[in-house]
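Spelled out from the first residue to the last, the chains are:
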Amino acid sequence: MNRAFFAALILLFTLPGVSQAQNLPLPKEKSHIYLADSIQLSVKRPWKAAAEILGINLSVWGFNHFIMNENFAKINIHTIKNNLKTFPVWDTDKFSTNLVAHPYHGSLYFNAARSNNMNFWQSIPFTFGGSMMWEFFMENERPSMNDLLATTFGGTELGEITYRLSDLFIDNRTSGSERIKREILIGLISPIRALNRLMSGEAWRYSPSVGRSFSNVPVSLQVAVGPRFLAEQENSKQGELSGNLSFWLNYGDPFDDDSYSPYEWFRIQAGFDLFSSQTKISEVNAVAALWGKNVWNSGTRALTLGVFQHFNYYDSQIKTKEGKLVAPYKISEAAAIGGGLLYNRKAQPDDRIDIYAAYYLTGIALGASTSDYFMVDERDYNLGSGYSAKAFTGLLYKKQWGLMLNLENYHIFTWKGYDPNLDLSTVDFNKLNTQGDAGNARLAIFTTQLIYYSPKTWQISLSNRYFSRRTHYKYHEDIDYSTSDIRLSFGVHI
């Protein structure tokens with residue numbers, strides 16, 4: 001999934017039909033305006049969307065049952081009856097499954113509704129319905145509370161992002177190899193939308209208009225590679241070196257309109273660690289405007305207030321000298337919404353400095369953090385809810401030298417613990433039903449990044465991040481743990 005999505009982003013600007021736009025707030029990549037000479041309006045097809053969601057679930061179940069021979073996929077009328085009598089519980093799947101794979105699965109449900117012409121808000125019930133169907137009917141395990149939340153909320157955010165990104169490639173005026181390339185990229189980003197275009201014939205039908213769902217959109221992209229060293233703990237020379245691949249994408253401009261509706265502006269970035277024992281997906285960060293309003297303009301300065309949906313995922317794993325795998329930090333913000341304030345100041349002729357800042361305060365309905373004691377089945381983390389506060393500040397000098405200072409603070413409370421006298425090695429996982437170790441965890445991430453943007457689109461950056469975790473346990477000794485990483489990146493800004 002991730003390789004396909006990244007490949008689509010790499011090819012995002014290889015197609016013709018885009019023009020230069022003014023630079024967006026920091027980082028100052030060159031942007032492109034995706035122009036649409038018409039906006040496609042079609043009849044809503046809710047029953048077709050529901051049928052496609054049914055097909056998605058049956059296809060995934062069939063793969064798990066007939067090809068992978070997974071035990072959880074062995075369902076019958078009795079397992080369904082038992083699930084319908086059961087209130088959802090907290091499951092014991094691994095971190096990436098619960099907090100990346102399930103949100104991606106939810107994005108397929110969301111796109112089934114979106115590509116059948118449901119609007120943003122109308123597509124959310126379809127996402128929730130698809131998750132409910134899977135949890136109660138398609139597995140012989142008890143329905144999962146965390147899966148319902150992650151699939152619905154995370155699926156909504158990733159779903160709308162992938163739907164809008166796939167829209168950038170639509171151009172029904174093209175034909176031949178260019179048309180094939182565009183349709184392939186649509187399929188890589190949003191498989192369900194591509195399937196609907198194939199079934200309707202839109203994938204090859206010529207039209208004198210572009211046929212996109214959204215009008216003019218400024219988009220900017222950074223792609224970078226380079227070495228990354230993650231220390232085992234603070235001030236330690238022990239750690240692990242990996243090859244890091246990352247991208248950062250900005251969609252829309254939050255300072256361009258007086259007000260804006262869901263996902264007219266969003267940012268998404270992701271990092272992947274290769275050639276090491278580190279986790280392949282090391283981070284996924286997305287923030288998107290559900291509602292926003294430009295509340296102040298004065299010359300080159302602007303201030304925007306809004307409500308934002310957040311998705312944040314940090315994972316780590318390194319091998320110690322003794323050959324043991326340890327996780328210095330894990331944190332997730334899978335279902336989160338809150339307020340935010342964005343500020344932008346364009347450079348003046350006499351000072352040549354651009355300034356961008358963003359501040360967010362967010363409530364977290366579903367989050368997760370690493371555990372030092374809870375190791376059950378594939379779970380080595382605690383689930384819970386809480387809040388986060390983030391501050392991002394960027395300075396750009398002469399359009400070439402950038403300095404970014406970011407501070408993120410996550411506070412996750414694990415409410416439903418377990419009996420501390422319980423022997424976890426003998427417990428029935430399906431009956432445990434716990435969020436993990438009772439207590440709360442704070443994770444602070446402080447990032448400093450220096451970037452040089454060349455006039456010829458290439459860039460080089462050096463970044464350092466400091467991770468500080470303090471976990472209070474109700475029944476165990478508290479843990480303070482700190483570590484850091486350093487990353488040198490070479491890339492392009494498009």
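Look up: the structure comes first, before these words.
Each chain carries its own residue numbering, running from 1 in the direction its sequence is written. Per-residue local features of the predicted model are confined to residues with pLDDT of at least 70, and side-chain atom pairs are confined, for both listing and counting, to 80 or more; whole-chain, interface and lining totals are unaffected and use all residues. As a convention, hydrogens and water are excluded, and side-chain values are obtained from all of the structure's heavy atoms.

## Observations concerning the packing of aromatic side chains
Stated formally: Ring pairs are drawn from Phe, Tyr and Trp, using the six-membered ring of Trp, whenever the two centres fall within 6.5 Å, and their geometry is named by plane angle: stacked under 30 degrees, edge-to-face over 60, tilted for the rest. To qualify as a helix, a DSSP run of H or I must reach at least 4 residues; to qualify as a strand, a run of E must reach at least 2; elements of each kind are numbered from the N terminus. The buried label goes to any residue with under 20% of its type's maximum accessible area, the exposed label to any with over 50%, and the partly exposed label to all in between, with areas taken from a 1.4 Å probe on protein chains only.
All told, the structure shown has 20 aromatic pairs when counted by the stated rule. Measuring from ring centre to ring centre gives 4.0 Å for Tyr-329 and Phe-467, while their planes differ by 10°; the resulting arrangement is stacked. Taken together, the positions of Tyr-329 in the loop between β10 (325–326) and β11 (330–345) and Phe-467 in strand β16 (residues 458–473) put the pair 138 residues apart, joining distant regions of the chain. Of the two residues, Tyr-329 and Phe-467, neither departs from the other in class, the shared state being buried. Here Tyr-452 and Trp-458 contribute two aromatic rings whose centre-to-centre distance is 5.7 Å and whose plane-to-plane angle is 55°, an arrangement assigned as tilted.

## Considering the pairing of strand β12 (residues 353–370)
Note the cut-off: We treat two strands as partners when DSSP finds at least two bridges between them.
Pairing of β11 with β12 involves 14 bridges; the strand directions are antiparallel. Within β12, the residue paired with Ile-337 across the bridge is Gly-363. Sheet topology note: the β12/strand β13 (residues 381–397) ladder contains 16 bridges and is antiparallel. What sits directly across from Tyr-360, in β13, is Lys-390.

## Thoughts on the pattern of salt bridges
The condition that has to hold: Definition used for salt bridges: Asp or Glu carboxyl oxygen within 4 Å of a side-chain nitrogen of Lys or Arg.
Enumeration according to the criterion identifies 19 salt bridges in this entry. Put simply, Lys-48 and Glu-52 hold a salt bridge, and the shortest N to O gap is 2.8 Å. Taken together, the positions of Lys-48 and Glu-52, both in helix α2 (residues 46–67) and four residues apart, correspond to about one turn of that helix. Taking the relative accessible area as the measure of exposure, Glu-52 reaches 12% and is therefore buried. For Arg-228, the salt bridge is made with Asp-485, and the minimal N-O distance between the two is 2.7 Å. One end of the pair, Arg-228, is in strand β3 (residues 217–231); the other, Asp-485, is in strand β17 (residues 479–493), and 257 residues separate them in sequence. With a relative accessible area of 1%, Arg-228 lands in the buried category.

## Section: the packing of helix α4 (residues 95–114) against helix α6 (residues 145–167)
Note the following rule: To get an axis, a line is fitted to the C-alpha atoms, and for a helix only the part in contact is used. The angle between two axes follows their N-to-C directions and goes from 0 to 180 degrees. For classification purposes, an angle smaller than 35 degrees is called roughly parallel, one larger than 145 roughly antiparallel, one from 65 to 115 roughly perpendicular, and anything else oblique. The sense of a crossing depends on the near helix, which, turned anticlockwise from the far helix by less than a right angle, makes the crossing left-handed and, turned clockwise, makes it right-handed. Working rule for contacts: check all heavy atoms of both residues, and any pair within 4.5 Å makes them a contact.
Axis separation between α4 and α6 bottoms out at 6 Å; the angle between their running directions is 60°. It follows from the interaxial angle that α4 and α6 lie oblique. Taken as a pair, α4 and α6 cross one another with a handedness that is right-handed. On α6, the residues that touch Asn-98, His-102, Pro-103, Tyr-104, Gly-106, Ser-107, Tyr-109, Phe-110, Asn-111 and Arg-114 of α4 are Asn-146, Asp-147, Ala-150, Thr-151, Gly-154, Gly-155, Thr-156, Leu-158, Gly-159, Glu-160, Thr-162 and Tyr-163.

## Points about the side chain of Glu-139
Short version of the rule: We treat Lys and Arg as the positive residues and Asp and Glu as the negative residues; His and chain ends play no part in the count. Any pair of N or O atoms that falls within 3.5 Å is considered a polar contact. Within protein, one atom must be able to donate a hydrogen and the other to accept it, and sequence-neighbouring residues count only if both atoms are side-chain atoms.
Among the structural elements, Glu-139 can be located in the loop between α5 (120–137) and α6. Buried within the structure, Glu-139 lacks any salt-bridge partner; its nearest side chain of opposite charge belongs to Arg-142, at an N-O separation of 11 Å. Among the polar contacts listed, one links the side chain of Glu-139 to the side chain of Trp-134, at a separation of 3.2 Å. When sequence neighbours within four positions are dropped, the list of residues in contact with Glu-139 reads Phe-72, Ile-75, Asn-83 and Trp-134.

## Quick notes on the environment of Tyr-475
Turning to its location among the elements, Tyr-475 is positioned in the loop between β16 and β17. The exposure class assigned to Tyr-475 is partly exposed, which follows from its relative accessible area of 43%. The spatial distance from the C-alpha of Tyr-475 to the C-alpha of Asn-244 is 38 Å, given a sequence separation of 231 residues. Filtering out sequence-adjacent residues up to four positions away, Tyr-475 remains in contact with Tyr-418, Pro-420 and Ala-438.

## Points about a nonpolar patch on the surface
Operational definition: Grouping into patches uses exposed residues only, defined as over 30% relative accessible area, and leaves out salt-bridged ones; the cut-off is 9 Å for like charges and 5 Å for nonpolar side chains (Val, Leu, Ile, Met, Phe, Trp, Tyr). Residue exposure ignores everything except the shown protein chains as possible cover, and the areas themselves are Shrake-Rupley values with a 1.4 Å probe.
On the surface, Ile-353, Leu-395, Tyr-397, Trp-401, Leu-403, Leu-405, Leu-407, Phe-446 and Leu-450 cluster together into a nonpolar patch covering about 770 Å² of accessible area. Looking at the nonpolar patch, the elements that each hand over two or more residues are β13, β14 (401–414) and β15 (439–453). If you tally residues by element for the nonpolar patch, the top one is β14, at four residues. Tracing the backbone shows Leu-405 in strand β14. Its relative accessible area of 38% is what places Leu-405 among the partly exposed residues.

## Examining the side chain of Arg-465
Structurally, Arg-465 can be placed in strand β16. Within the structure, the side chain of Arg-465 is placed 2.8 Å from the side chain of Glu-283, a separation counted as a polar contact. Within the structure, the side chain of Arg-465 is placed 2.8 Å from the side chain of Asp-485, a separation counted as a polar contact. In contact with Arg-465, other than residues within four places in its own chain, are Arg-228, Glu-283, Tyr-314, Tyr-329, Phe-446, Thr-447, Thr-483, Ser-484, Asp-485 and Arg-487.

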